[in-house]
Amino acid sequence: MKLIIAVIQDKDSHRLIDALSDKEYKTTKLSTTGGFLKEGNTTLMIGCEDEEVDQALDIIKHKSSHREQMVAPISPMGGNADSYIPRPINIEVGGATVFVLPVDSFFQF
Amino acid sequence: MKLIIAVIQDKDSHRLIDALSDKEYKTTKLSTTGGFLKEGNTTLMIGCEDEEVDQALDIIKHKSSHREQMVAPISPMGGNADSYIPRPINIEVGGATVFVLPVDSFFQF
Amino acid sequence: MKLIIAVIQDKDSHRLIDALSDKEYKTTKLSTTGGFLKEGNTTLMIGCEDEEVDQALDIIKHKSSHREQMVAPISPMGGNADSYIPRPINIEVGGATVFVLPVDSFFQF
Ligand code: NI
Ligand code: NI
Ligand code: NI
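In this text the structure is predicted, and so the values were computed from the model without any measurement.

Caption draft 1: Structural view of the interface of chain C and chain B. Residue-level contacts link 26 residues of chain C with 22 residues of chain B. Linking chain C with chain B are 1 salt bridge. As a salt-bridge pair, Asp104 of chain B and Lys2 of chain C come within 2.4 Å of each other at their nearest N and O atoms. The set of elements that each furnish at least two residues to the side of chain C that touches chain B consists of strand 1 (2-9), strand 2 (26-34), strand 3 (40-48), helix 2 (53-63) and strand 6 (96-102) of chain C. The element contributing the most residues to the side of chain C that touches chain B is strand 6 of chain C, with 7 residues. Across the side of chain C that touches chain B, the residue classes tally to 12 nonpolar, 11 polar and 3 charged. As paired strands, strand 7 (residues 105-108) of chain B and strand 6 of chain C are joined by 4 bridges and run antiparallel to one another.

Caption draft 2: View of the coordination of the nickel ion (ligand 1). Coordination of the nickel ion (ligand 1) by the protein comes from Asp58 of chain A (OD) and His62 of chain A (NE2), over a distance range of 2.4 to 2.7 Å. Placement of the pair is Asp58 of chain A and His62 of chain A together in helix 2 (residues 53-63), with a separation of 4 residues, close to one helical turn.

Caption draft 3: Focus on helix 2 (residues 53-63) of chain B. Among the residues making up helix 2 of chain B, those that are buried are Val53, Ala56, Leu57, Ile59 and Ile60 of chain B. All buried residues of helix 2 of chain B lie within an arc of 160 degrees about the axis, which places them on one face of the element. In this structure, helix 2 of chain B carries Asp54 and His62 of chain B as exposed residues pointing more than 90 degrees from its buried face. Buried residues along helix 2 of chain B sit against strand 7 (105-108) of chain A together with strand 1 (2-9), helix 1 (10-22), strand 3 (40-48) and strand 6 (96-102) of chain B.

Caption draft 4: Expanded view of the nonpolar core. Counting 24 residues, the largest nonpolar core has Leu3 and Leu101 of chain A, Leu3 and Leu101 of chain B together with Leu3 and Leu101 of chain C as the members making the most contacts within it. When contributions to this core are tallied by element, the ones reaching two or more residues are strand 1 (2-9) and strand 6 (96-102) of chain A, strand 1 and strand 6 of chain B together with strand 1 and strand 6 of chain C. Setting aside anything within four residues of it in sequence, one finds Leu101 of chain C in contact with Leu101 of chain A, Leu3, Leu101, Pro102 and Val103 of chain B together with Lys2, Leu3 and Ile5 of chain C.

Caption draft 5: Inspection of the interface of chain A and chain C at higher detail. At the junction of the two partners, chain A supplies 26 residues and chain C supplies 22 residues. Taken over both partners, the interface formed by chain A and chain C buries close to 1,900 Å², and the fraction arising from carbon and sulfur atoms is 66%. At the surface where chain A touches chain C, the tally comes to 1 salt bridge. Breaking the side of chain A that touches chain C down by element, the ones donating at least two residues are strand 1, strand 2 (26-34), strand 3 (40-48), helix 2 and strand 6 of chain A. For the side of chain A that touches chain C, the leading source of residues is strand 6 of chain A, giving 7 residues.

Caption draft 6: View of the packing of aromatic side chains. Throughout the structure, instances matching the rule amount to 6 aromatic pairs over all chains. With centroids separated by 5.1 Å and ring planes inclined at 45 degrees, the aromatic side chains of Phe106 of chain A and Phe99 of chain B adopt a geometry described as tilted. One end of the pair, Phe106 of chain A, is in strand 7; the other, Phe99 of chain B, is in strand 6, on a second chain. Residue classification places Phe106 of chain A among the partly exposed residues on the basis of a relative accessible area of 30%.

Caption draft 7: Quick look at the coordination of the nickel ion (ligand 3). For the nickel ion (ligand 3), the protein coordination sphere consists of Asp58 of chain C (OD) and His62 of chain C (NE2), at 2.5 to 2.8 Å. Given a relative accessible area of 56%, His62 of chain C falls into the exposed group.

Conventions we followed
- Residues numbered from 1 in each chain as written.
- Chains lettered and ligands numbered in written order.
- Predicted model: local features only at pLDDT ≥ 70, side-chain atom pairs only at ≥ 80, totals over all residues.
- Heavy atoms only, no water.
- Contact = heavy atoms within 4.5 Å.
- Salt bridge = Lys/Arg side-chain N within 4 Å of Asp/Glu carboxyl O.
- Helix = DSSP H or I, 4+ residues; strand = E, 2+ residues; numbered from the N terminus.
- Nonpolar A, V, L, I, M, F, W, Y, C, P; charged D, E, K, R; others polar.
- Pairing = 2+ DSSP bridges.
- Donors = N, O, S within 2.8 Å, 3.2 Å for Na, K, Ca; no water.
- Buried < 20%, exposed > 50% of the residue type's maximum accessible area, 1.4 Å probe, protein only.
- Arc of directions from axis to C-beta.
- Core = buried A, V, L, I, M, F, W, Y, C linked by side-chain atoms within 4.5 Å.
- Buried area = accessible area lost by both parts, 1.4 Å probe.
- Phe/Tyr/Trp six-rings, centres within 6.5 Å; stacked < 30°, edge-to-face > 60°.

Below, the structure is given as structure tokens:
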């Protein structure tokens, strides 16, 4: 038995919970906020058997949207500013952060 | 040291927390929602020594109400519908889902 | 990889999250309430490498305020009430309760 803790974006939570439910995973949803970015996110707890972990991870991976964001790079300090042309770069934000925790014992009362 | 994570029904949380407090268990309450049924539930985190786990589980078990719910069974497909008398059945819902997690170390600052 | 779960006071959460962010720790904040005292508290989840746990604990320790509270002691039952002078005592409240959990595997999608 494992306890999967997945921190995902709010906007992904509905379709992820639906997709997990379709495969009979039981999820519990915690309201959370990102500490650093203060962005709304959601934490899911998913209890499952060891052999069901990989499928759960695959579902989480496929339902957690990445988005690309253009950011302006910092211009190099002390460089030749005239010859430096700042070029916006793409970074990936979002996605999911997932911890798989060992479980000593599990009960359903 | 163990960390007990118990997902219970909202309506059981008050008397369960009281019962745990009576036995000196420290609980932390998280607001959660069931992913599938969207029902209001509550998650408790209870940190305790290994030898105190059984008593905590017993309290959770006795304070987590089950309720019986009548549901109409699906009629059998392709059977002789005339001779089939659907009989409502009782299923148990509610209760508690409990994970006991190992703890590497514990601090109180 | 470890998952640190820290239950702290609401009023400490902002400066603790800031201090953790300054050192590149990623935190996720859960809204929680103390079960027994019903006081507002906050639970932080912090995922980090094994060798980063001690520094995280040190930050939590230094940013979790204790406060001293004067309480009147209960007068001794059956004692000589005339000669008993109740003296308010200081107790420490607040601080942080911290669990360090082992992690089987960790993913960032
Ligand atoms: Ni896939
Ligand atoms: Ni019993
Ligand atoms: Ni120090």
